[in-house]
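# Report on the structure
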Amino acid sequence: MKRIRIDASKSYTVAVGSGCAAETGRELKAVTGNARVMVVSDDNVYALYGKQVRRDLETAGFGTSGFVFPHGEEHKNLETYGKLLEQLCAENFGRSDLILALGGGVTGDLAGFAAATYQRGIRFAQMPTTLLAAVDASVGGKTAVDLKGGKNQAGAFCQPSLVLCDTELMRTLPEEEFRAGMAEVIKYGAIGDSGLFKLLEETEPETLRTAGANGLLEDIIARCVEQKKIFVQQDEFDNGARMLLNFGHTFGHGIEGASGYQVPHGFAVAAGMCIISRAAEKRGLCGSQTRKRIETLVKKYGLPAETGFKTEQLLPFIASDKKVKGCHVKLVVTGRIGHAGLVPANVAELADWLHDGGVE
Ligand code: GLY
């Protein structure tokens, strides 16, 4: 098992390893002492792991409760959030108790936001069950729910007390979800870890699906978390360096929005990374070899390098993105593999960027 210490406004450990879920009770005890635990999960994940996790916690002496909500981004909303808060209140959860997010990014965002706001803040821990949540959403303390007006529009920065990332749980991931997670892994390689990028180029995707036992997946997740740690420690509240984690996300959010959130986040980010790299190449900001390597790797992992949506369909969602400040946006460009930077742009110029990136 690998242990990575994150020192943000709060310090916590991200443990990554095969089978570490079985250690949940012991690991949590070390950070919370005696507490009650509300296990928050969607119906799919709860059916697979919920009972076992609660049993392990109870064996370690915790009292447990469960909050199960229907799966899907459309349930990461104020209604589900309100129900969770009401259940915490009805069951007399107090400040010394804890919420455990067992699931993917939706669960972590929802449970984290409830933890950030219930009684002005209680502790929470993350047990990611998707690759995407393991490498990104569960680390760094971004929590939120969606509003009718947009994704993640109500939220808070709230660091967890512990993240337990068991690679075994990722074996049951549907193929598409695994690929979506790989988009974020490719992103980490592109923006800050050329060795990771090369490793992905040299690895057969299928090997990763079965790698729980040989530790390759564990290494890759730990490498991504090590890199996220650098950005989060430097810029916890996302005003500078952390923005580099948004490589592919500005145009990706446009694709997600235009699709009515039917295109999975990772697929949209993959296309977004390729669009911005093509546009950056035209502006002399990205080498042609770099652009080619990004496109080739994205395709190798079964992800899209293009979008079928048109510029005018994407623009309204890009313009309403949180990253847009007035008429200004900072675009993340990977100039060469392992090195990314921010390029300021005017919202009025975004149509040209999209066209240059191959969007009609
Ligand atoms: N998902 C990007 C970040 O945590 O900043």
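Structure's up top.
This text gives an overview of the structure that appears in the document. (Residues numbered from 1 in each chain as written. Predicted model: local features only at pLDDT ≥ 70, side-chain atom pairs only at ≥ 80, totals over all residues. Heavy atoms only, no water.)

## As for the overall build of the protein
Regarding its fold elements, the protein presents 14 helices and eleven strands. Here the C-alpha atoms of the protein give a radius of gyration of 20 Å, agreeing with the 21 Å that 2.2 N^0.38 yields for 360 residues. For the C-alpha atoms alone, the extent of the protein along its principal axes is close to 60 × 45 × 35 Å. Here the protein holds 360 residues, and the buried ones make up 57% of them. Taking all contacts inside the protein whose residues are at least 6 apart in sequence as the whole, residues at least 24 apart take part in 75%. Here the protein has roughly 14,200 Å² of accessible surface; of this, 51% comes from carbon and sulfur atoms. Of the charged side chains in the protein, 41 are positive and 43 negative; the average position of the first set lies 3 Å away from that of the second. (Helix = DSSP H or I, 4+ residues; strand = E, 2+ residues; numbered from the N terminus. Rg over C-alpha atoms; globule rule 2.2 N^0.38 Å. Buried < 20%, exposed > 50% of the residue type's maximum accessible area, 1.4 Å probe, protein only. Contact = heavy atoms within 4.5 Å. Areas by Shrake-Rupley, 256 points an atom, 1.4 Å probe, with all protein chains shown as cover. Lys, Arg positive; Asp, Glu negative; His and termini not counted. Charge placed at Lys NZ, Arg CZ, Asp CG, Glu CD.)

## Some thoughts on the pattern of salt bridges
It is possible for side chains bearing opposite charge to pair when their charged atoms get close. Considering all chains together, one arrives at 25 salt bridges under this definition. Of the charged contacts in the structure, one is a salt bridge between Glu295 and Arg278, with a shortest N-O distance of 2.7 Å. Note that Glu295 is positioned in helix H12 (residues 288–300) and Arg278 in helix H11 (residues 265–282), a separation of 17 residues in sequence. For Arg278, a relative accessible area of 13% translates into the label buried. Here the salt bridges share partners, and the residues they tie into one network are Glu73, Lys76, Asp109, Asp146, Lys151 and Glu256. (Salt bridge = Lys/Arg side-chain N within 4 Å of Asp/Glu carboxyl O.)

## Topic: helix H7 (residues 194–202)
Taken as a whole, H7 has its buried residues at Leu196, Phe197 and Leu200. Down the axis of H7, the buried set is contained in an arc of 100°. They therefore lie on one face. Of the surrounding secondary structure, the elements contacted by the buried residues of H7 are helix H6 (175–192), helix H9 (216–234) and H12. (Arc of directions from axis to C-beta.)

## Comments concerning the packing of aromatic side chains
One pass over the structure, following the stated rule, counts three aromatic pairs. Ring centres of Phe67 and Phe69 lie 6.4 Å apart, and the angle between their planes is 25°; on these two criteria the pair is classed as stacked. The buried category is assigned to Phe67, whose relative accessible area is 6%. A ring pair is formed by Phe157 and Phe237, whose centres lie 5.2 Å apart and whose planes are at 85°; its orientation type is edge-to-face. (Phe/Tyr/Trp six-rings, centres within 6.5 Å; stacked < 30°, edge-to-face > 60°.)

## Focus: the sheet that holds strand E1 (residues 2–7)
The strand order E1-E2-E9-E6-E5-E3-E4 describes an open sheet built from seven strands, whose pairing is mixed. Strands with a single pairing partner mark the edges of an open sheet, and in this sheet they are E1 and strand E4 (63–69). Direction aside, neighbouring strands of the sheet carry axes that sit 20° apart on average. Alignment of E1 against strand E2 (residues 11–17), held across six bridges, turns out to be antiparallel. Of the residues in E2, the one forming a bridge with Lys2 is Val16. (Pairing = 2+ DSSP bridges. Axes fitted to C-alpha atoms, helices over the stretch in contact; angles between N-to-C directions.)

## Focus: the site of the ligand
As a structural note, the neighbourhood of the ligand is formed by Asp136, Lys142, Lys228, Arg242 and Leu245. The contact in question runs from an oxygen atom of the ligand to an N or O atom on the side chain of Arg242, over 2.7 Å. In the complex, 89% of the free accessible area of the ligand, which totals 190 Å², lies under the protein chains. Of the residues assigned to the shell around the ligand, the class counts are one nonpolar, no polar and four charged. (Near = heavy atom within 4 Å. Polar contact = N/O pair within 3.5 Å; in protein donor to acceptor, adjacent residues only side chain to side chain. Nonpolar A, V, L, I, M, F, W, Y, C, P; charged D, E, K, R; others polar.)

## Regarding the packing of helix H10 (residues 249–258) against H11
Direction vectors running N to C along H10 and H11 enclose 130°, while the axes themselves pass 7 Å from each other. In terms of orientation, H10 lies oblique with respect to H11. Here the hand of the crossing between H10 and H11 comes out right-handed. Between H10 and H11, the residues in contact are His249, Phe251, Gly252, His253, Ile255 and Glu256 and His265, Ala268, Val269, Ala271, Gly272, Ile275 and Ile276, respectively. Of the residues that constitute the contact of H10 with H11, the class distribution is seven nonpolar, five polar and one charged. (Parallel < 35°, antiparallel > 145°, perpendicular 65-115°, else oblique. Left-handed = near helix turned anticlockwise from the far one by under 90°.)

## A word on the nonpolar core
Counting residues in each nonpolar core, the largest one holds 74 residues, and the members touching the most others are Val14, Leu131, Val185, Leu200, Ile221, Phe251 and Trp353. If one sorts the elements of this core by residue count, H11 sits on top with eleven residues. In this view, Leu131 contacts Met170, Leu173, Phe178, Gly181, Met182, Val185, Leu217 and Ile221; residues no more than four positions away in its chain are not counted. Phe93, Ile99, Val106 and Val145 belong to the second-largest nonpolar core, a separate cluster that totals 24 residues. (Core = buried A, V, L, I, M, F, W, Y, C linked by side-chain atoms within 4.5 Å.)

## A closer look at the pairing of strand E6 (residues 123–128)
Each regular strand displays side chains that alternate between the two surfaces of the sheet. Along E6, five of the six residues are buried, which leaves the element largely enclosed by surrounding structure. Where strand E5 (residues 98–103) and E6 come together, six bridges link them in parallel fashion. Considered in E6, the bridge of Leu102 is made with Met127. In this fold, E5 hands off to helix H4 (residues 105–117), which returns the chain to E6; that crossover is right-handed. As paired elements, E6 and strand E9 (residues 162–166) share two bridges and run parallel to each other. (Right-handed = clockwise from strand over helix to strand, strands pointing away.)

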